[in-house]
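The lines below spell out each chain.
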Amino acid sequence: MKRQTKEYFFVLKELVGREIKRKYARSYLGILWSVLNPLLSMAVLSLIFSYIFSRSIENFPIYYLTGYVLWLLFSEATRSAMTVLVDNKQLLIKVRMPKQVLALSRIFTAFANFLYSLIAFALMLIVFRMAPSIHLLAFPLVVALMLLFCIGVGYILSIVYVFFGDVKHLYSVILTLWMYMSALFYPVDILPEYVQRIININPIYSYVEAARECIMYHHFPSGIMWLEMAAWGTGVFLLGLYIFRKNENKIMQRL
């Protein structure tokens, strides 16, 4: 069992390394794009919305960047995990290996890019003189719970895509709507009450709000927020794991 676990993590490590090299193979700047992407996005959105929301959002660039780096993790992890089984059809035919490793490789590749994007985030915290506090210790736990949520969604999408290829196009539309409903660049309290209620049950917003609490406002997330994040993370992870394991034996027949 111990040897099998070591082999499992070795294969996962090799696949993540392969995915990172493949992603940046034709790029001169390579992994540096993981740092530049959030910075460029923050600059553009700040130019557009800083004046509009200057009175209702203090330190708008940090407000936006906090949400954006988490959104990038979620969107990249789930979108790339969705096609991983179909993309690696030949590998699955030739090599006997746990299919979950393939999905996890894409998700942890997105997580590696997220860690690089935190370099840009840290630089902006220094530029805007956001003093570090003990509440920052809660941020890794927020990310860990969100990563569980990403894995669950990634498992579900990877199975669904094998049987229904059109889900790829549908999910692009859903992601766009989901992003706008996650309050990345606007304050929730300016919206009608019924829209606020919808956003408050959005799992991504739960993680974004909690991250802002510990980074921007120097508060630990409330007990209710922790319960919401844990429920979404563990619940969707277990659901995704169940769906994946129930259907993984049917995958090869469909591929």
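Calculation rules
- Residues numbered from 1 in each chain as written.
- Predicted model: local features only at pLDDT ≥ 70, side-chain atom pairs only at ≥ 80, totals over all residues.
- Heavy atoms only, no water.
- Helix = DSSP H or I, 4+ residues; strand = E, 2+ residues; numbered from the N terminus.
- Buried < 20%, exposed > 50% of the residue type's maximum accessible area, 1.4 Å probe, protein only.
- Contact = heavy atoms within 4.5 Å.
- Areas by Shrake-Rupley, 256 points an atom, 1.4 Å probe, with all protein chains shown as cover.
- Salt bridge = Lys/Arg side-chain N within 4 Å of Asp/Glu carboxyl O.
- UniProt positions renumbered as here; feature names shortened; annotations may be inferred.
- Phe/Tyr/Trp six-rings, centres within 6.5 Å; stacked < 30°, edge-to-face > 60°.
- Expected span 1.5 Å × (residues − 1).
- Polar contact = N/O pair within 3.5 Å; in protein donor to acceptor, adjacent residues only side chain to side chain.
- Axes fitted to C-alpha atoms, helices over the stretch in contact; angles between N-to-C directions.
- Parallel < 35°, antiparallel > 145°, perpendicular 65-115°, else oblique.
- Nonpolar A, V, L, I, M, F, W, Y, C, P; charged D, E, K, R; others polar.

### A word on the overall build of the chain
Scanning the chain for helices and strands turns up eleven helices and zero strands. Its helices and strands in sequence order give the chain the pattern α-α-α-α-α-α-α-α-α-α-α, from N to C terminus. Counting across all 255 residues of the chain, residues that qualify as buried make up 47%. Counting only contacts in the chain whose residues sit at least 6 apart along the sequence, the fraction spanning at least 24 positions is 79%. Total accessible area on the chain is roughly 14,100 Å²; 65% of this is exposed by carbon and sulfur atoms.

### What to know about the pattern of salt bridges
The tally for this structure, following the rule as stated, stands at two salt bridges. When the shortest N-O distance is used, the salt bridge between Asp87 and Arg106 registers 3.1 Å. Taken as a pair, Asp87 in helix α4 (residues 84-87) and Arg106 in helix α6 (residues 99-127) lie far apart in primary sequence, 19 residues in all. The salt bridge involving Glu193 is made with Arg197; its shortest N-O contact spans 3.4 Å. In this pair, Glu193 and Arg197 are both assigned in helix α9 (residues 193-200), four residues apart and thus about one turn of the helix distant. Of the residues examined, Glu193 reaches a relative accessible area of 58% and is grouped as exposed.

### Concerning the UniProt feature "transmembrane region" (unreviewed entry) in the chain
Mapped onto this numbering, the UniProt entry annotates "transmembrane region" (unreviewed entry) at residues 28-53, 107-131, 137-163, 170-188 and 224-244. Regarding residues 137-163, the helix share stands at 93% and the strand share at 0%, and the terminal C-alpha atoms are separated by 42 Å. The span residues 224-244 carries 100% helix and 0% strand; its end-to-end C-alpha distance comes to 30 Å.

### So, the packing of aromatic side chains
As enumerated under the stated definition, the model contains 13 aromatic pairs in all. Consider the rings of Phe149 and Tyr207, whose centres lie 6.1 Å apart with planes at 45 degrees: the pair is tilted. Here Phe149, found in helix α7 (residues 139-163), pairs with Tyr207, found in helix α10 (residues 203-215); they are 58 residues apart in sequence, far enough to count as distant. Note on Phe149: relative accessible area 3%, which makes it buried. Ring pairs connect the aromatic residues Trp71, Phe74, Phe149, Trp178, Tyr207 and Trp232, which therefore count as one cluster.

### Overview of α10
When the terminal C-alpha atoms of α10 are compared, their 19 Å separation across 13 residues agrees well with the 18 Å that a helix rising 1.5 Å per residue should span. Taking burial as the measure, the 13 residues of α10 include twelve buried ones, the bulk of the element. All of the buried residues in α10 are Pro203, Ile204, Tyr205, Ser206, Tyr207, Val208, Ala210, Ala211, Arg212, Glu213, Cys214 and Ile215. N-capping of α10 is provided by Asn202, with a side-chain oxygen placed 3.0 Å from the backbone N of Ile204.

### Brief notes about helix α3 (residues 60-82)
Helix length check: α3 (23 residues) gives 33 Å between terminal C-alpha atoms against 33 Å at 1.5 Å per residue, within 8%. Counting buried positions along α3 gives 21 out of 23 residues, so the element sits mostly inside the fold.

### Brief notes about the packing of α7 against helix α8 (residues 167-180)
Between α7 and α8, the shortest axis-to-axis distance is 11 Å and the interhelical angle comes to 150 degrees. Considered as vectors, α7 and α8 are oriented roughly antiparallel to each other. Residues Phe149, Val153, Leu157, Val160 and Tyr161 of α7 form the contact with α8, whose own contacting residues are Val167, Lys168, Tyr171 and Trp178. Taken together, the residues of the contact of α7 with α8 break down into eight nonpolar, no polar and one charged.

### Here we look at unusual backbone geometry
One non-glycine residue, Ala183, adopts positive backbone phi at about 55 degrees. By the secondary structure assignment, Ala183 is in the loop between α8 and α9. Unusually for a residue other than glycine, His218 sits at a positive phi of about 55 degrees. Structurally, His218 is set in the loop between α10 and α11 (223-254).

### Remarks on the side chain of Thr66
In this structure, Thr66 sits in helix α3. According to the relative accessible area criterion, Thr66 is buried, its value standing at 0%. Here Thr66 is in contact with Phe121, Ala211, Arg212, Ile215 and Met216, once residues within four sequence places are set aside.

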